[in-house]
Amino acid sequence: MDTGLVFFLIQVLNGVQLGLLLFLVASGLTLIFGIMGIINLAHGSFYMLGAYLAFSLAELCGSFWLSLLIAVPLTVLIGLALEAALFRLLYTRDHLYQVLLTYGLILVFEELRSLIFGDDVHGVAVPGFLEASIPLTDTLSYPVYRLFMSAVCLAIAGGLALLIRRTRLGMTIRAGAVNREMVQSLGIDIGLVYRFVFALGVALAAFAGMIAAPVASVFPGMGNQILIVSFVVVVIGGIGSIKGAFLGALLIGLADTFGQVYAPAIAGMTVYVLMAAVLLWRPAGLFGRAGS
Amino acid sequence: MTRRFRLGPWLLALAALALLAFPAVAGKFYQQLFSTIMIMAIFAMSLNLLVGGAGLVSLGHAAFFGLGAYALLLLSPAYAAASLWLSLPAAVALAAAAALAIGLLVLRSSGVYFIMATLAFAQMFFYYVTGAKWLGGSDGAYIYVKPDAALFGLTPFRLADTRDFYYVTLALMAATYLLLHVLRYAPFGRVLRGIRANEQRMRALGFATFRYKLAGFVIAGALAGLAGYLDAAQFGFVNPDLFGWRQSGIVLMMVILGGMNALPGPILGAFALVLLQDFLADATRHWLLPMGLFIILAVLALPQGLSGLALRLGAFARGEARGA
């Protein structure tokens, strides 16, 4: 095959993989906002938390898979604890205070990370049997692990869609997003639903950090980097829309990847230019309801 | 009944006198620290025009601060001084123009979209400047000579002099305060507050709310540019962090902590936060940890900010006076 075409296809795969990873973070952000009405700046910190857990647990127990198995329930517990201690107090407060409290939370997470792990960049080894690369031409190949990441993210996205659309729990979640009081008066414990959604969002972001660690490495500030891009995804897709988050994430993943390759001088800006264009065209995002 | 005693104006006059007399009793270090605080106070007041004035929570206000600072870098010749009288208006105009362009886009959204969109635009500047070699890239750049205030052969003050710089900053902070005071009680400010309370109703009353919000956004951007310019002039150094989300977050914290419903609130917030930051940074390298905890506690404990606390204390004092 022609090298130029293969190179192009590799970029498409990379863009889709980045997009799917972004989806895991952005879907939690959009769910937590759409259902609980909370804007959570500390969502990126959960991504960072996942990556550092994967890094330290992999060092401790020697197996990437075992560390995943331990880390996911751990992040769910951390999410539940934070919900009980802080976020529960924010449900009725103005967005302004949500922004500030979660901003304070970012500072705390960043400094704790600095105290516990230091400020160095760490690598995480790609687990054994996924280390291989698929040769495409004489000079180009594609790593199996990236394909694996995309497949896992796709499976999770599918599961999430099924959960929200086809299950009783999903129905309750959707109803809670529309009218909280009504759901409560029908005898459903909305607090329980909130707790579940928050823990789910935290687990998704942390899991994204874990599986991204072998590719992207583990470094200070990684959480904020992904947080801001996830904001762009949510703004493009429309707040509260899982479908919007999915399409927005793919769009941003591809735009960012192709920007890096074909226009490196302005690569940092491509996603924001895209966002500006969408805001001009549809101020409430692609799938957002106006006035929300 | 008895004439109502108003504590506010007296406290304000007292504070102004104290700031005027401050260089007589304080050394260079504290004069510089206070100049920094007053620059942040201008920045915070400009943001409060949006947050407290119109209910627009911007998490990207640092974009205009950074633009003002980088404008001075661009207008300063390599090893000579820029003219203050040319570069300062140019910096403010640049920030205002950027605010107009960005405002046209972000003001189409509201609520959480607005928060996220403003953050993303500031981040766009951050990434552009980080990658721009001609602006010094991620390392930043130095401005070796402070702007020159010479006008028609006269030099009324020298910015290189710590005390002169202090008084220039104080004068500009006072001017910003007065401007915002006038705006707040002018029809313009009342319309903005009407928008904050209920935009739909204001529109139904026939106000072109978008234009009012845009005008507010541009004025706020211009004043933030002024603060950024002063920051670059004071430190002689600019870097991409001036555009960063941490800068936007800190200034929002100053507004909330100080209290957004009172005009002097952001000034109070700037003093409290910069002094706290200075104190914590002296005590530990990991000062952001106690700072973050402080912010979390402040949000939970002080819904009206420091000025709300002052108002409550004032009401308490009045109650005491009446009881006596």
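Our structure is the block above this text.
Residues numbered from 1 in each chain as written. Chains lettered and ligands numbered in written order. Predicted model: local features only at pLDDT ≥ 70, side-chain atom pairs only at ≥ 80, totals over all residues.

Enquirer: Could you give an account of the overall build of chain A, with specific residues and numbers?
Expert: Counting its regular elements, chain A contains 11 helices and 2 strands. In terms of overall size, chain A behaves like a compact globule, its C-alpha atoms giving a radius of gyration of 19 Å where 292 residues would be expected to give roughly 19 Å. Dimensions of chain A, computed from the C-alpha atoms along their principal axes, are close to 65 × 50 × 35 Å. Residues counted as buried form 46% of the 292 residues belonging to chain A. (Helix = DSSP H or I, 4+ residues; strand = E, 2+ residues; numbered from the N terminus. Rg over C-alpha atoms; globule rule 2.2 N^0.38 Å. Buried ≥ 20, exposed ≤ 12 C-beta atoms within 10 Å, placed from the backbone.)

Enquirer: Before we move on, can you summarise the overall build of chain B with the specific residues and values?
Expert: From N to C terminus, chain B includes 12 helices and 2 strands. Reading the helices (α) and strands (β) of chain B from amino to carboxyl end gives α-α-α-α-α-β-α-α-α-β-α-α-α-α. Relative to a compact globule of 324 residues, whose C-alpha radius of gyration would be 20 Å, chain B shows 20 Å and is just as compact. If one aligns the C-alpha atoms of chain B with their principal axes, the spans along those axes are about 65 × 50 × 45 Å. Considering only residue pairs separated by 6 or more positions, chain B has 77% of its internal contacts joining residues 24 or more positions apart. (Contact = placed C-beta atoms within 7 Å.)

Enquirer: Could you give me a rundown of the interface of chain A and chain B, with the residues and numbers involved?
Expert: Listed by partner, the interface residues are 35 residues for chain A and 35 residues for chain B. Of all the secondary structure elements, the ones that give two or more residues to the side of chain A that touches chain B are α4 (95–117), α9 (222–237) and α11 (270–281) of chain A. In terms of residues, the side of chain A that touches chain B owes the most to one element, α4 of chain A, which gives 16 residues. Residues that form the side of chain A that touches chain B fall into these classes: 28 nonpolar, 5 polar and 2 charged. (Nonpolar A, V, L, I, M, F, W, Y, C, P; charged D, E, K, R; others polar.)

Enquirer: Report on the packing of helix α3 (residues 62–75) of chain B against helix α8 (residues 209–235) of chain B, specifying residues and quantitative values.
Expert: A pair of packed helices is characterised by two quantities: the angle between their axes and the separation of those axes. All names here are of chain B. Where α3 meets α8, the closest approach of the two axes is 6 Å, and the angle between their N-to-C directions is 50°. For the element pair α3 / α8, the angle class is oblique. Considering the relative orientation of α3 and α8, their crossing is right-handed. Contact with α3, carried on its side by Phe64, Phe65, Gly66, Leu67, Gly68, Ala69, Ala71, Leu72 and Leu73, involves Gly221, Ala224, Gly225, Leu226, Ala227, Gly228, Tyr229, Asp231, Ala232 and Ala233 of α8 and no other residues of that element. Across the contact of α3 with α8, the residue classes break down as 13 nonpolar, 5 polar and 1 charged. (Axes fitted to C-alpha atoms, helices over the stretch in contact; angles between N-to-C directions. Parallel < 35°, antiparallel > 145°, perpendicular 65-115°, else oblique. Left-handed = near helix turned anticlockwise from the far one by under 90°.)

Enquirer: Would you mind going over α8 of chain B in detail, with residue names and values included?
Expert: In an α-helix, one turn spans 3.6 residues, which is why side chains three or four residues apart end up on the same side. Helix length check: α8 of chain B (27 residues) gives 39 Å between terminal C-alpha atoms against 39 Å at 1.5 Å per residue, within 8%. Phi turns positive one or two residues past the end of α8 of chain B, at Gly236 of chain B, with a value near 65°. (Expected span 1.5 Å × (residues − 1).)

Enquirer: Tell me about unusual backbone geometry, and please be specific about residues and values.
Expert: Residues and elements named next belong to chain A. One non-glycine residue, Ser217, lies in the positive phi region at around 60°. Structurally, the position occupied by Ser217 is in the loop between α8 (190–216) and α9. Overall, the presence of 14 C-beta atoms within 10 Å leaves Ser217 in the partly exposed class.

Enquirer: Account for the nonpolar core, with residues named and values stated.
Expert: Membership of the largest hydrophobic core comes to 195 residues, with the highest contact counts inside it found for Ala51 and Val232 of chain A together with Ala95 and Ala120 of chain B. Here this core gets 17 residues from one element, more than from any other, and that element is α8 of chain A. Setting aside anything within four residues of it in sequence, one finds Val232 of chain A in contact with Ile252, Val271, Tyr272 and Met275 of chain A together with Ala120 of chain B. (Core = buried A, V, L, I, M, F, W, Y, C linked by C-beta atoms within 7 Å.)

Enquirer: Before we move on, can you summarise the environment of Leu227 of chain A with the specific residues and values?
Expert: Residues and elements named next belong to chain A. Structurally, Leu227 is set in helix α9. Placed 181 residues apart in sequence, Leu227 and Phe46 show a C-alpha to C-alpha distance of 9.7 Å. If near-sequence neighbours (up to four positions away) are discounted, Leu227 is found in contact with Leu41, His43 and Gly44.

Any functional reading would require information that these geometric values do not contain.
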